[in-house]
Amino acid sequence: EPEVTQTPSHQVTQMGQEVILRCVPISNHLYFYWYRQILGQKVEFLVSFYNNEISEKSEIFDDQFSVERPDGSNFTLKIRSTKLEDSAMYFCTTVGGVNTEAFFGQGTRLTVV
Amino acid sequence: AQTVTQSQPEMSVQEAETVTLSCTYDTSENNYYLFWYKQPPSRQMILVIRQEAYKQQNATENRFSVNFQKAAKSFSLKISDSQLGDTAMYFCAFTRSNFGNEKLTFGTGTRLTIIP
């Protein structure tokens, strides 16, 4: 079965440091998303990406966040200067198109200390 | 904006019993898609079941079924013959489109514990 792969599975970083979370989407999928889940809370939408540009972003996705797909395969989420409140599970999801489900990666647990 | 509400933060049930998790949503759309996701302790998100709003027939997947009441904007999940492996967080989710180009909106989740 096809799967979305996220790396790393867990990252600990110092406050103020930059982090890059990586996602390898399922081949031929078109739509890419990042979601965030603070421990014990609901899953929140961050950003959607299609045709090499952002389609939609939430209020959470401020200037500290960026996404790109530099080599046509990896889909990355960058946080420029991490804050304590960025500690969360980050999920990448990809969707193939019409009438297909969203495939979730296994998540990256980010801990900012 | 769409909202999804899960009013049961926690539930527990004896193994082999049936349990129903509640979900209500608010939208002005006529056609949309609803989902239940399971999140075990590993925190992986697993799709349990989906329902298209234009379909009157309730979706079923083995021991999992939904009661979709469009007029009431209600979408409950019934788990029959519950098993220990069903212990997890369950999230109800909504999207406006079937084309893949719309985000998912999640409820706050229900923590389900199956008691041996």
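Residues numbered from 1 in each chain as written. Chains lettered and ligands numbered in written order. Predicted model: local features only at pLDDT ≥ 70, side-chain atom pairs only at ≥ 80, totals over all residues. Heavy atoms only, no water.

The helix and strand tally for chain A stands at zero helices and 11 strands. For 113 residues, the compact-globule estimate of 2.2 N^0.38 gives 13 Å, and the C-alpha radius of gyration of chain A, at 13 Å, lies within 12% of that figure. Once the C-alpha set of chain A is aligned to its principal axes, its extents read approximately 40 × 25 × 25 Å. Within the span of chain A, comprising 113 residues, buried residues form 44% of the whole. Contacts in chain A between residues far apart in sequence, at least 24 positions, make up 52% of those at least 6 positions apart. Counting only carbon and sulfur atoms, one obtains 45% of the accessible surface of chain A, whose full area is about 5,700 Å². Positive and negative charge centroids in chain A, built from 9 and 14 side chains respectively, lie 4 Å apart. (Helix = DSSP H or I, 4+ residues; strand = E, 2+ residues; numbered from the N terminus. Rg over C-alpha atoms; globule rule 2.2 N^0.38 Å. Buried < 20%, exposed > 50% of the residue type's maximum accessible area, 1.4 Å probe, protein only. Contact = heavy atoms within 4.5 Å. Areas by Shrake-Rupley, 256 points an atom, 1.4 Å probe, with all protein chains shown as cover. Lys, Arg positive; Asp, Glu negative; His and termini not counted. Charge placed at Lys NZ, Arg CZ, Asp CG, Glu CD.)

What follows deals with the packing of aromatic side chains. The full count for this structure, using the stated rule, is 21 aromatic pairs over all chains. For the pair Phe35(B) and Tyr37(B), a centre-to-centre distance of 6.1 Å together with 35° between the ring planes defines the contact as tilted. Accessibility assignment for this pair places Phe35(B) and Tyr37(B) in one class, buried. Arranged with centres 5.8 Å apart and planes meeting at 50°, the rings of Tyr37(B) and Phe106(B) form a pair that is tilted. Linking Tyr37(B) in strand β5 (residues 33-39) with Phe106(B) in strand β11 (residues 105-106), this pair joins segments that are 69 residues apart in sequence. Looking at Tyr37(B), the relative accessible area reads 1%, which means it is buried. One aromatic cluster is present, built from ring pairs that chain together Tyr33(A), Tyr35(A), Phe45(A), Phe91(A), Phe104(A), Phe35(B), Tyr37(B), Phe91(B) and Phe106(B). Seen from the ring of Phe45(A), Lys103(B) lies directly overhead, with NZ or CZ sitting 5.4 Å from the centre. (Phe/Tyr/Trp six-rings, centres within 6.5 Å; stacked < 30°, edge-to-face > 60°. Lys NZ or Arg CZ within 6 Å of the ring centre and 35° of its normal.)

We now examine the state of the cysteines. Under the criterion given, the structure shown has two disulfides over all chains. In this model Cys23(A) forms its disulfide with Cys92(A); the gap between the sulfur atoms is 2.0 Å. Here the disulfide of Cys23(A) and Cys92(A) is left-handed, its torsion about the S-S bond being about -60°. You can see Cys23(A) sitting in strand β3 (residues 19-24) and its partner Cys92(A) sitting in strand β9 (residues 88-95), a full 69 residues away along the chain. Accessibility classification places Cys23(A) together with Cys92(A) in one group, the buried group. Between the sulfur atoms of Cys23(B) and its disulfide partner Cys92(B) the distance amounts to 2.0 Å. Across the S-S bond linking Cys23(B) and Cys92(B), the dihedral sits near -70°, which makes this disulfide left-handed. (Disulfide = S-S within 2.5 Å.)

Residues and elements named next belong to chain B. The buried fraction of β5 is high, at seven of seven residues. The alternating pattern of β5 places Tyr-33, Phe-35, Tyr-37 and Gln-39 on one face and Leu-34, Trp-36 and Lys-38 on the opposite face, and all of these are buried. Pairing analysis gives six bridges linking β5 to strand β6 (residues 46-52), with the strands arranged antiparallel. Residue pairing in the sheet places Tyr-33 in a bridge with Glu-52 of β6. Turn length for the β5-β6 hairpin, with the two strands adjacent in sequence and antiparallel, is six residues, and the turn residue Arg-43 shows positive phi of about 75°. Here seven bridges tie β5 to strand β10 (residues 88-95), and the two strands are oriented antiparallel to one another. Bridge pairing in β10 places Trp-36 opposite Cys-92. (Pairing = 2+ DSSP bridges.)

To continue, consider the environment of Pro25(A). All names here are of chain A. Position of Pro-25 among the secondary structure elements: in the loop between β3 and β4 (31-37). A relative accessible area of 10% places Pro-25 in the buried class. For the pair Pro-25 and Thr-108, spaced 83 residues apart in the sequence, the C-alpha separation amounts to 14 Å.

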